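# Per-entry structural report
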Amino acid sequence: MRFYDPTEGEILLNGRNIKEYNLQKYRALFATAFQDHQMLSLSVMENVLMRKAKPEDEEQVVNALKLAGVYDKVQTLPQGIHSILTREFAEDGQVLSGGEYQKIVVARAFVKNCPIKIFDEPSSALDPIAEYQLFDNILKSGRDKTMLFISHRLSSVQNADWVFMLEDGMVKEEGTHKMLMKMQGLYADMYDKQAENYLATERSKVTDGIFAAGGEV
């Protein structure tokens, strides 16, 4: 995105140093869903578009919200996609959960038509089921795009074409999910540990459900 320039080496796009491109046109190539995001005291629609909305934008925004998995929630708001978010400047502004805000941020990446899309920890506030549905929609909608995922939750990268495992600022391993699992290195170890935690969480939910339904044992 060129928010920072490298202190060493260079970044190339189509064989040219990215510093040679017009910055505004260069950044227009990217759609991003940042982990650290900001909700503006504007309508849901304008928060997704990140600009003043036009009537013809509505269908695009609705589709992006559906792909992000937050459209049903938005529909429950007093004015739907035209409801103002946050109470920073509006007493009747709508306040959503962290996971719902995160989905609106992801919708920003869905709504923009550009060749490269970056998703930075897009599921950190989501449960495993919502995470699976979100990544399934991301993959389906981005078949003709170049997509970069940044994630600590390795369940989200199983279907990636290529995976880079970073540690201490260095690429330690790279390959497909299957290749990395066969290596039995850092990636495989982290993946197995996360899978165990997921299973433990699901077993706990099932057990809690049995006790809740059955009462005292």
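Quick caveat: nothing in here was measured; it's all calculated off a predicted structure. (Residues numbered from 1 in each chain as written. Predicted model: local features only at pLDDT ≥ 70, side-chain atom pairs only at ≥ 80, totals over all residues. Heavy atoms only, no water.)

Our next topic: the overall build of the protein. Across its full length, the protein holds 8 helices and 7 strands. Each principal axis of the C-alpha atoms in the protein carries an extent, and together these give about 70 × 55 × 30 Å. Looking at the protein as a whole, 37% of its 217 residues are labelled buried. A separation of at least 24 residues holds for 57% of the contacts in the protein among residues at least 6 apart in sequence. Surface accessibility of the protein: about 14000 Å² in total, with carbon and sulfur atoms responsible for 52%. (Helix = DSSP H or I, 4+ residues; strand = E, 2+ residues; numbered from the N terminus. Buried < 20%, exposed > 50% of the residue type's maximum accessible area, 1.4 Å probe, protein only. Contact = heavy atoms within 4.5 Å. Areas by Shrake-Rupley, 256 points an atom, 1.4 Å probe, with all protein chains shown as cover.)

Turning next to the packing of aromatic side chains. The geometry of an aromatic ring pair is captured by two quantities: the separation of the ring centres and the angle between the planes. Applying the stated rule across the entire model yields 7 aromatic pairs. Here the aromatic rings of Tyr26 and Phe30 are separated by 5.2 Å at their centres, their planes lie at 65 degrees, and the arrangement is edge-to-face. Grouping residues by exposure puts Tyr26 and Phe30 together as buried. Taking 6.3 Å as the distance between ring centres and 55 degrees as the angle between the ring planes, the aromatic pair formed by Phe110 and Phe119 counts as tilted. As far as the burial class goes, Phe110 and Phe119 line up, both buried. Within the aromatic cluster, the residues linked to one another by ring pairs are Phe110, Phe119, Phe135 and Phe149. Its guanidinium or amino end placed over the ring of Tyr21, Arg16 lies 4.5 Å from that ring's centre, counting from NZ or CZ. A cation over a ring is seen here: Lys66 above Tyr71, with NZ or CZ 5.3 Å from the ring centre. (Phe/Tyr/Trp six-rings, centres within 6.5 Å; stacked < 30°, edge-to-face > 60°. Lys NZ or Arg CZ within 6 Å of the ring centre and 35° of its normal.)

This part covers the side chain of Gln94. Its place among the elements puts Gln94 in the loop between helix 4 (71-75) and helix 5 (98-111). Here the side chain of Gln94 touches Asp92 through a polar contact of 3.0 Å, landing on its backbone oxygen. Once you skip the residues sitting within four places of it in the chain, Gln94 turns out to touch Leu77, Pro78, Ser83, Ile84, Leu85, Thr86 and Tyr101. (Polar contact = N/O pair within 3.5 Å; in protein donor to acceptor, adjacent residues only side chain to side chain.)

This part takes up the packing of helix 3 (residues 58-68) against helix 5. Interaxial distance between helix 3 and helix 5 falls to 8 Å at its minimum, and their mutual angle equals 125 degrees. Here helix 3 is positioned oblique relative to helix 5, judged by the angle of their axes. Once helix 3 is placed against helix 5, the crossing between them reads as right-handed. Of the residues in helix 5, those touching helix 3 at Gln60, Val61, Ala64, Leu65, Leu67 and Ala68 are Lys103, Ile104, Val106, Ala107, Phe110 and Val111. The residue makeup of the contact of helix 3 with helix 5, split by class, is 10 nonpolar, 1 polar and 1 charged. (Axes fitted to C-alpha atoms, helices over the stretch in contact; angles between N-to-C directions. Parallel < 35°, antiparallel > 145°, perpendicular 65-115°, else oblique. Left-handed = near helix turned anticlockwise from the far one by under 90°. Nonpolar A, V, L, I, M, F, W, Y, C, P; charged D, E, K, R; others polar.)

Along the chain, the position of Ser43 falls in the loop between strand 3 (30-33) and helix 2 (44-49). Overall, Ser43 belongs to the buried group, its relative accessible area being 8%. Ignoring sequence-local partners within four residues, the contact set of Ser43 consists of Ile81, His82, Ser83 and Ile84.

Right, let's get into the nonpolar core. Val44, Val48, Leu65 and Ile104 are the most contacted members of the largest nonpolar core, which has 35 residues in total. Apart from residues no more than four positions distant in its own chain, Val48 is found in contact with Val61, Leu65, Ile104, Ala107, Arg108 and Val111. Counting residues in each nonpolar core, the second largest holds 9 residues, with Leu154, Met165, Leu180 and Ala188 among its members. (Core = buried A, V, L, I, M, F, W, Y, C linked by side-chain atoms within 4.5 Å.)

Time to look at the sheet that holds strand 5 (residues 146-150). Here we have 3 strands laid out as an open sheet, ordered 3-4-5, and parallel in their pairing. Lying at the two open borders of the sheet, with one neighbouring strand each, are strand 3 and strand 5. Between one strand axis and the next, the sheet turns by 15 degrees as a mean value, whatever way the strands run. Where strand 3 meets strand 4 (residues 116-120), 4 bridges bridge the pair, whose relative direction is parallel. For Thr32, the partnering residue across the bridge sits in strand 4 and is Ile118. (Pairing = 2+ DSSP bridges.)

By themselves these figures say nothing about function.
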